[in-house]
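Residue-level listing of the chains:
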Amino acid sequence: MKVFDFAVDDALKIATKAKVKLPAGPLKGAALGAALVGAGLDKDGTFYTEFMLDKALSHQIHMQVMDDIDAKFSEPIDADYHRITNQAMVDLAHALGKKNVKLAKFH
């Protein structure tokens, strides 16, 4: 949870400083979950945290946040962040009735 909280705070800090316009909202509950899951899907329905972060923030901000996680926690912790987030988002998709969403093999 510490890494996920750090990632969200860091991404917002970087995006705000870069004057990135965030999507209109607020999305809440199932609508927010569905939007996040949808942002992370590839063409065959596999969820990737990387896709979600690129679409939500930008590839540049995503990469900066990953570098910041590596520096603050370590590369293996960053890898765990991706594994855990992938699984959590697939679990969320299934809870929302999207049973065809698949878990990414870790790269």
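First things first, this report covers the structure right here in the doc. (Residues numbered from 1 in each chain as written. Predicted model: local features only at pLDDT ≥ 70, side-chain atom pairs only at ≥ 80, totals over all residues. Heavy atoms only, no water.)

**Description of the overall build of the protein**
Right, so step 1: The secondary structure content of the protein amounts to five helices and two strands.
Right, so step 2: The linear arrangement of helices and strands in the protein, starting from the amino end, is α-α-β-α-α-α-β.
Right, so step 3: Computed over C-alpha atoms, the radius of gyration of the protein comes to 14 Å, within 12% of the 13 Å expected from 2.2 N^0.38 for 107 residues, which places it in the range of a compact globule.
Right, so step 4: Principal-axis analysis of the C-alpha atoms places the extent of the protein at approximately 35 × 35 × 25 Å.
Right, so step 5: With 107 residues in all, the protein has 34% of them scored as buried.
Right, so step 6: Restricting the contact set of the protein to residue pairs at least 6 apart, pairs at least 24 apart contribute 63%. (Helix = DSSP H or I, 4+ residues; strand = E, 2+ residues; numbered from the N terminus. Rg over C-alpha atoms; globule rule 2.2 N^0.38 Å. Buried < 20%, exposed > 50% of the residue type's maximum accessible area, 1.4 Å probe, protein only. Contact = heavy atoms within 4.5 Å.)

**Comments concerning helix α4 (residues 59-72)**
Turn by turn, an α-helix covers 3.6 residues, leaving residues three or four places apart pointing in a common direction.
Right, so step 1: Along its 14 residues, α4 runs 20 Å from first to last C-alpha, staying within 8% of the 20 Å computed at 1.5 Å per residue.
Right, so step 2: Buried residues of α4: Ile-61, His-62, Val-65, Met-66, Asp-68 and Ile-69, and no others. The buried residues of α4 all sit within an arc of 160° when viewed along its axis, so they share a single face. Exposed and facing more than 90 degrees away from the buried side of α4 are Gln-60 and Ala-71.
Right, so step 3: The secondary structure elements touched by the buried residues of α4 are α1 (2-17), α3 (49-56) and α5 (75-95). (Expected span 1.5 Å × (residues − 1). Arc of directions from axis to C-beta.)

**Notes on the environment of Ala-88**
Right, so step 1: Considering the arrangement of structural elements, one finds Ala-88 in helix α5.
Right, so step 2: Sequence-wise, Ala-88 and Leu-103 are 15 residues apart; in three dimensions their C-alpha atoms are separated by 9.6 Å.

**Focus on the nonpolar core**
Right, so step 1: By size, the foremost hydrophobic cluster in this structure holds 21 residues, and its most contacted members are Val-65, Ile-69 and Tyr-81.
Right, so step 2: Taken together, the elements giving at least two residues each to this core come down to α1, α2 (29-39), α3, α4 and α5.
Right, so step 3: Here this core gets six residues from one element, more than from any other, and that element is α1.
Right, so step 4: Setting aside its immediate chain neighbours within four residues, Ile-69 contacts Val-3, Phe-6, Ala-7, Ser-74, Asp-78 and Tyr-81. (Core = buried A, V, L, I, M, F, W, Y, C linked by side-chain atoms within 4.5 Å.)

**A few points about the packing of aromatic side chains**
Right, so step 1: Here the structure, examined in full by the defined rule, presents three aromatic pairs.
Right, so step 2: Ring geometry for Phe-4 and Tyr-81: centres 6.1 Å apart, planes at 45°, overall tilted. Residue Phe-4 is found in helix α1, and its partner Tyr-81 is found in helix α5; the two are separated by 77 residues along the sequence.
Right, so step 3: A residue is classified by how much of its surface remains accessible, and Phe-4, at 37% relative accessible area, is partly exposed.
Right, so step 4: Over the aromatic face of Phe-73 sits the side chain of Lys-72, whose NZ or CZ is 5.7 Å from the ring centroid. (Phe/Tyr/Trp six-rings, centres within 6.5 Å; stacked < 30°, edge-to-face > 60°. Lys NZ or Arg CZ within 6 Å of the ring centre and 35° of its normal.)

**Observations regarding unusual backbone geometry**
Across residues other than glycine, the phi torsion is negative in most instances, and most of the peptide bonds are trans.
Right, so step 1: Even without being a glycine, Lys-19 presents a positive backbone phi close to 60°.
Right, so step 2: With respect to the helices, strands and loops of the structure, Lys-19 is situated in the loop between α1 and α2.

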